[in-house]
Every structure is written in structure tokens, then in C-alpha cells.
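Per-entry structural report
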Amino acid sequence: MGLILYIWVHRLRLPSGRTKRYLLVLLLVLPLLTAAIPGRGSIEFGESIAWFNSARLLAIPLIGRLHMANLVVAIAALSVAVTVWQIARYGGFGRPRLMVPDGLPPLSPDESDVVAAIQRAYAQERVKVIALYLIRLVQSYNPVALWAFRDYAFEAEVSCDARAVVGRDPQVLARVLLKIYQATPHRDGPGRNRLRRRVDVLLAGGPDDAALPTTTVVAVAIFMLMVLPWIV
Amino acid sequence: MDRVRGLLSFGLIAVAVLVVLRLVSLTVPMVVPGTQPGPIAVARLDDVRDRIGFAPIVPAYRPATLGSKPVSILVVHNPSPTLIVAWREGDAYLSITQRRGGPKPDAPAGAVPLPDVPESTWWTTGAEHHLIVSRVGFWIEITTNLPVNDLKRFADTLALY
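What you see is a predicted model; the values in this text were computed from it and never measured. (Residues numbered from 1 in each chain as written. Chains lettered and ligands numbered in written order. Predicted model: local features only at pLDDT ≥ 70, side-chain atom pairs only at ≥ 80, totals over all residues.)

Moving on to the overall build of chain B. The helix and strand tally for chain B stands at three helices and nine strands. When the helices and strands of chain B are placed in sequence order, the string is α-β-α-β-β-β-β-β-β-β-α-β. When burial is assessed residue by residue, chain B has 29% of its 161 residues classed as buried. Contacts spanning at least 24 positions in sequence make up 49% of the contacts within chain B whose residues lie at least 6 apart. (Helix = DSSP H or I, 4+ residues; strand = E, 2+ residues; numbered from the N terminus. Buried ≥ 20, exposed ≤ 12 C-beta atoms within 10 Å, placed from the backbone. Contact = placed C-beta atoms within 7 Å.)

Here it is in C-alpha cells:
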């Protein structure tokens, strides 16, 4: 399902905004719902009823006594390790947030005002992000969930940026983000990349919350809810 | 159309991905036969339903000469869900093969109905008796080297475990 959404979103060149956030939420929540369906994990279901049975792929031999299942377990272990590392480095429920590095030049009153606004927006967003973070933790073995939550957290930051600049000049926040970008050490490549992308979205006019009609998103959700149980 | 903008491309991508997944799921066991789940050993008759989705049908009558517990319980999922249960003690043995649906199992040309056992096909190979019966949507093949009287009692006492 992640593959379908990934190809689709890239084909549509879906911009940041509410639609993208909804799709990422689907990607995080639906696998948990379908995994809870009783009997879906039985051999008979996989062999006789399912549309796609991953057990067949997992049984493919690789080298020596290793099978594809061993490779998948290794990827899952790596995903869990990344989760543990992220918690150790950034703290579990840190996002969204504005990480202000040491050595940031002083901010003007306008800039301080927009920073305060963005912190308020973060506070409003936090409950939703924490809920999804817990869902992502439950699936910490799943690299797709890791990727989906990372993108969701970015989208939440973009959404907070948009709320913070309402009634203000977006250039002011862009300037603040660029200052943080310049003060962020080069070794923090992902952090710098996120800041740069946020500036890009801001300067492009902010997120597009109506990139796709709600009907389309609902139809996609229903389709995935109906199809996902048959893929084991 | 504007209300469902983007849905067509989603549908096309979803169908393409699902077709590829289905083809992979079907062709992998053909290319790599070891990926076919089965035969799978099951520890107890109580666990059979969880492993294959139906309850075993076994003879309630089992002479002491066969031992108290099956020596082997296997499930196979393809081409048809099948359960194979075997008892053995010394030279005496009994094997029950229970298959859900599908065509009737092959029997030699000389096979005949076993007297007083409805819907049965019976033949012998040396000292070994074979009996095929149909019960509640299952084909059940009984193979044993015990006397024909025991064979008949096996068939008469077939019941859900």
C-alpha cells in the first residue's frame, strides 16, 4: 500500500498540505487496523484467500541457510535501532519543534514575534503528533511507518509555519529559518534539509490544503481499507 | 470530474501494483518450489483447525494395536487443503487423508463399494486396504493393513474430532 501511495503522490507531484497529511495518516493507521482482523495471519488465509501472500517471498532462499525472512528481520531490527537512536538523540515527543542551535544571531522584534507564533502553533499540533508517534512506535519494526511519520512530522511543521505567518510577512519566518539553517552544523544534514524545504514551501506561497478533493481522499481510504486485508 | 480529481491515476496505479503483487504471489512457488507452505507438521489434532481451517474427521474407533496417539499429523495447503493423519504401532498402521473439495481421489479400475458403507470406493493392494468415502464436503481416504472388519468400523465411526 505504501508503494501505491508513494508512486501516486510522486506522479501527482502532490505539494505539502492537508491532503498529504491525511494520506500519511492513512499509511500509518490502516496497517494497524487490518492487522487486528482475526484469522488473517493463519496459513490457510495466506494460502487460499489472500491476494498476495508475503510468506511465499519470505521463504525464498538466499545464501546458505539464509532466507528472505532473515533479511526482512534484519531490516526490521535496523528500523527499531533507528527508532531507539532517534529517541536518544531528539527525545520521543519532540516534534514539531524549532531547534535553535547555539550561535544564532539575535532576532529582530518581528522575527521574535513570528517565532512565538510558531511555538504556539506547535503546541496546538502536539497532541495529534504524539498520537501518531505512538502509532509509529508500535510499528517501529516497519520502515514504511518510520518514513511515513518522518514525512508527517515535516508536514506538521509546514502547517505550523503557515499558521504562524497568518497576518504576517512570510519572508520574516523564512529569514528566521534561514538563520537557523546557517547556524545548524553541516553534520546535521537532515535537519538542514528540512529547514531548507520549509523555506521553499513558505516562499512558494505556503502549503496547498486543497491539492486534492476530499472525495478523492475518502475514496482512496475506503479502497485501501477494503484491499489491505487481502494482502498478508 | 473535479470532485474526484486524481482518483483515476490512483486507480490505475493501484490496479497495476496489485496485479504485479498477484503475479509474484503465484509465480514464486512455481519458480522456487520450497516456498510452498506444506506439508507442515502439526503437533496435536487439537491444533489442526488453526493450521488448516477445518476440524479433523477421524475414526472414533481405533484399536489398541494402533497406539493411542497419531505418529504423524501433516497439513498441505495446495492444490487443495489436505490433512494426513497416521497411526502406527508395530506392523499395524492406519492413515487418514482428508481433503476439502476438489475431484474424487483416483481409484483403480477394480475398486468397488464396501458393503454397507455409503458413498464408498474400496480396493486392496496386497494386505493393504484403501477406502475412499465422502463426508460433509470432504474426501476421506482410509489406508490400513488391519482386517476389513476394522476398515468398516473406521468408516462407520468417522466423526469430527
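Let us keep going from here.
So, about the interface of chain B and chain A. Taken together, the contact between chain B and chain A spans 28 residues of the former and 28 residues of the latter. The set of elements that each furnish at least two residues to the side of chain B that touches chain A consists of α1 (7–31) and α2 (48–52) of chain B. Counting residues per element, the side of chain B that touches chain A draws most heavily on α1(B), which supplies twelve residues. Considered class by class, the residues forming the side of chain B that touches chain A number 14 nonpolar, eight polar and six charged. (Nonpolar A, V, L, I, M, F, W, Y, C, P; charged D, E, K, R; others polar.)

Another aspect to go through is the sheet that holds strand β8 (residues 138–144) of chain B. Residues and elements named next belong to chain B. With antiparallel pairing, the seven strands of this open sheet are ordered in space as β1-β3-β4-β5-β8-β7-β6. At either margin of the open sheet sits one strand with a lone partner, and together these are β1 (40–41) and β6 (120–125). Relative to β8, strand β7 (residues 128–135) runs antiparallel, the two sharing seven bridges. Its bridge partner lying in β8, His129 is registered against Thr144. (Pairing = 2+ DSSP bridges.)

A separate point is the packing of helix α6 (residues 109–138) of chain A against helix α8 (residues 170–183) of chain A. Residues and elements named next belong to chain A. In contact at an axis separation of 9 Å, α6 and α8 are set at 85 degrees when each is read in the N-to-C sense. The orientation of α6 relative to α8 falls into the category roughly perpendicular. Judged by residue contacts, Asp110, Glu111, Val114, Val115 and Ile118 of α6 engage Val172, Leu173, Arg175 and Val176 from α8. (Axes fitted to C-alpha atoms, helices over the stretch in contact; angles between N-to-C directions. Parallel < 35°, antiparallel > 145°, perpendicular 65-115°, else oblique.)

On to the confidence of the model for chain A, then. In the predicted model, chain A carries a mean pLDDT of 86, and 94% of its residues have values of at least 70. Of all secondary-structure elements in chain A, the lowest mean pLDDT belongs to helix α3 (residues 43–49) of chain A, at 76, while helix α10 (residues 214–227) of chain A reaches the highest, 92. (pLDDT = per-residue confidence, 0-100.)

So, on to the nonpolar core. Counting 39 residues, the largest nonpolar core has A:Val114, A:Ala164 and A:Leu173 as its most contacted members. Counting residues per element, the ones that place at least two in this core are α1 (2–12), α2 (18–35), α6, α7 (143–164), α8, α9 (189–203) and α10 of chain A together with α1 of chain B. If one sorts the elements of this core by residue count, α7(A) sits on top with eleven residues. For A:Leu173, the contacting residues outside a window of four places in its chain are A:Val114, A:Ile118, A:Asp161, A:Ala164, A:Val165 and A:Leu202. One finds B:Val75, B:Ile96, B:Trp122 and B:Val133 within the second-largest nonpolar core, a separate group that totals 25 residues. (Core = buried A, V, L, I, M, F, W, Y, C linked by C-beta atoms within 7 Å.)

Before going further, it helps to spend a moment on unusual backbone geometry. All names here are of chain B. Even without being a glycine, Glu119 presents a positive backbone phi close to 50 degrees. For Glu119, the position within the fold is in the loop between β5 (92–100) and β6. The backbone of Val136 sits at a positive phi, close to 35 degrees, despite the residue not being glycine. Within the fold, Val136 resides in the loop between β7 and β8.

Here we take up the pairing of β6(B). Residue and element names in this part refer to chain B. Summarising the sheet, β6 and β7 pair through six bridges and their orientation is antiparallel. By the bridge assignment, Ser120 is partnered in β7 with Val133. In textbook terms, the turn of a hairpin is the stretch between consecutive antiparallel strands, and for β6 and β7 this stretch comprises two residues, one of which, Gly126, has a positive phi near 65 degrees.

Right, let's get into α10(A). The end-to-end C-alpha distance of α10(A), which contains 14 residues, comes to 20 Å, matching closely the 20 Å that a straight helix rising 1.5 Å per residue would cover. Looking only at α10(A), the buried set comprises A:Thr216, A:Val220 and A:Met224. Down the axis of α10(A), the smallest arc covering the buried residues is 65 degrees, so these residues share one side. Opposite its buried face, α10(A) presents the exposed residues A:Thr214, A:Val218, A:Ile222 and A:Met226, each directed more than 90 degrees away. Buried residues belonging to α10(A) abut α2 of chain A together with α1 of chain B. (Expected span 1.5 Å × (residues − 1). Arc of directions from axis to C-beta.)

Another point: α1(A). Taken as a whole, α1(A) has its buried residues at A:Ile4, A:Leu5, A:Trp8 and A:Val9. Buried residues of α1(A), seen end-on, are gathered within an arc of 120 degrees and therefore sit on one face of the element. Each element contacted by the buried residues of α1(A) is listed here: α2 of chain A together with α1 of chain B. Positioned one or two residues after α1(A), A:Arg13 has a phi angle of 50 degrees, which is positive.

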